[in-house]
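Structure at a glance
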Amino acid sequence: MSTQRIILGIDPGLANTGWGIVAQQGSRLSCVAFGCITTQAEQDLAQRMKKIHDQIAAVIARFQPTCVGIETVWFGANAKSAFATGQARGAALVACAAENLTVEEFSPRQIKLAIVGTGTAEKEQVQYMVAKLLSLDALPEPDHAADALAAAICFTSYDSLERKQA
């Protein structure tokens, strides 16, 4: 039986939350749509969270995905940035939970490993490989959208590995 599904990928961020929709038909992947939700620093935090939630909910309503791959928060040197990203993730996750979507979380390293073959890949390498894997004519822009598409592709990679191990 071949797998057919629509996968939502999310690259969360307070200023920019990337999203991407990937269709899977067996081992064939194709890009359906992608974009980026932008919020302004001068906006009230609650309104920024609402915008992320509402726009992810609108993407879900329009494209009807059944599953989601979302990037986890990377705790680097900037804890304030990581906290803000975590809040954006929460807003996006609530939108996914409201529709009872299957959600898998992946670290930036896991996504890079699945897409490029190394967990230390640069953003440009991820964009290039996403374009190749999805047969796109150009690199997906902005990079937040490319990272979201990568999270969706990563969902298929890890899902396939889990089925083979089961």
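Structure report, in brief. Every value quoted in this text rests on a predicted model; they were computed, and no experiment measured them. (Residues numbered from 1 in each chain as written. Predicted model: local features only at pLDDT ≥ 70, side-chain atom pairs only at ≥ 80, totals over all residues. Heavy atoms only, no water.)

**Observations regarding the sheet that holds strand 5 (residues 102–106)**
The sheet built from five strands is open, its strands ordered 3-2-1-4-5 with mixed pairing. Either end of the sheet is taken by a strand with one partner, and the two such strands are strand 3 (28–38) and strand 5. Across the sheet, the axes of successive neighbouring strands diverge by a mean angle of 20 degrees, strand direction being ignored. Judged from the ten bridges that link them, strand 2 (residues 16–25) and strand 3 form a sheet pairing that is antiparallel. Bridged to alanine 23 within strand 3 is serine 30. On top of the sheet, helix 2 (residues 79–98) reaches strand 1 (4–11), strand 2, strand 4 (67–71) and strand 5; it is set at about 175 degrees to strand 4, its chief contact. Across the sheet, helix 3 (residues 108–116) is in contact with strand 4 and strand 5; its angle to strand 5 comes to roughly 95 degrees. (Pairing = 2+ DSSP bridges. Helix = DSSP H or I, 4+ residues; strand = E, 2+ residues; numbered from the N terminus. Axes fitted to C-alpha atoms, helices over the stretch in contact; angles between N-to-C directions. Contact = heavy atoms within 4.5 Å.)

**Description of the packing of aromatic side chains**
Remark: the centre distance and the inter-plane angle together describe each pair of aromatic rings, the angle taken between the planes. Scanning all chains against the criterion turns up one aromatic pair. Aromatic side chains tryptophan 19 and phenylalanine 63 sit 6.0 Å apart centroid to centroid with 35 degrees between the ring planes, which places their arrangement in the tilted category. Pair noted here: tryptophan 19 is in strand 2 and phenylalanine 63 is in helix 1 (residues 45–63), with a separation of 44 residues, a long-range link. The residues tryptophan 19 and phenylalanine 63 share a single accessibility class, namely buried. (Phe/Tyr/Trp six-rings, centres within 6.5 Å; stacked < 30°, edge-to-face > 60°. Buried < 20%, exposed > 50% of the residue type's maximum accessible area, 1.4 Å probe, protein only.)

That is the geometry; function is a separate question.
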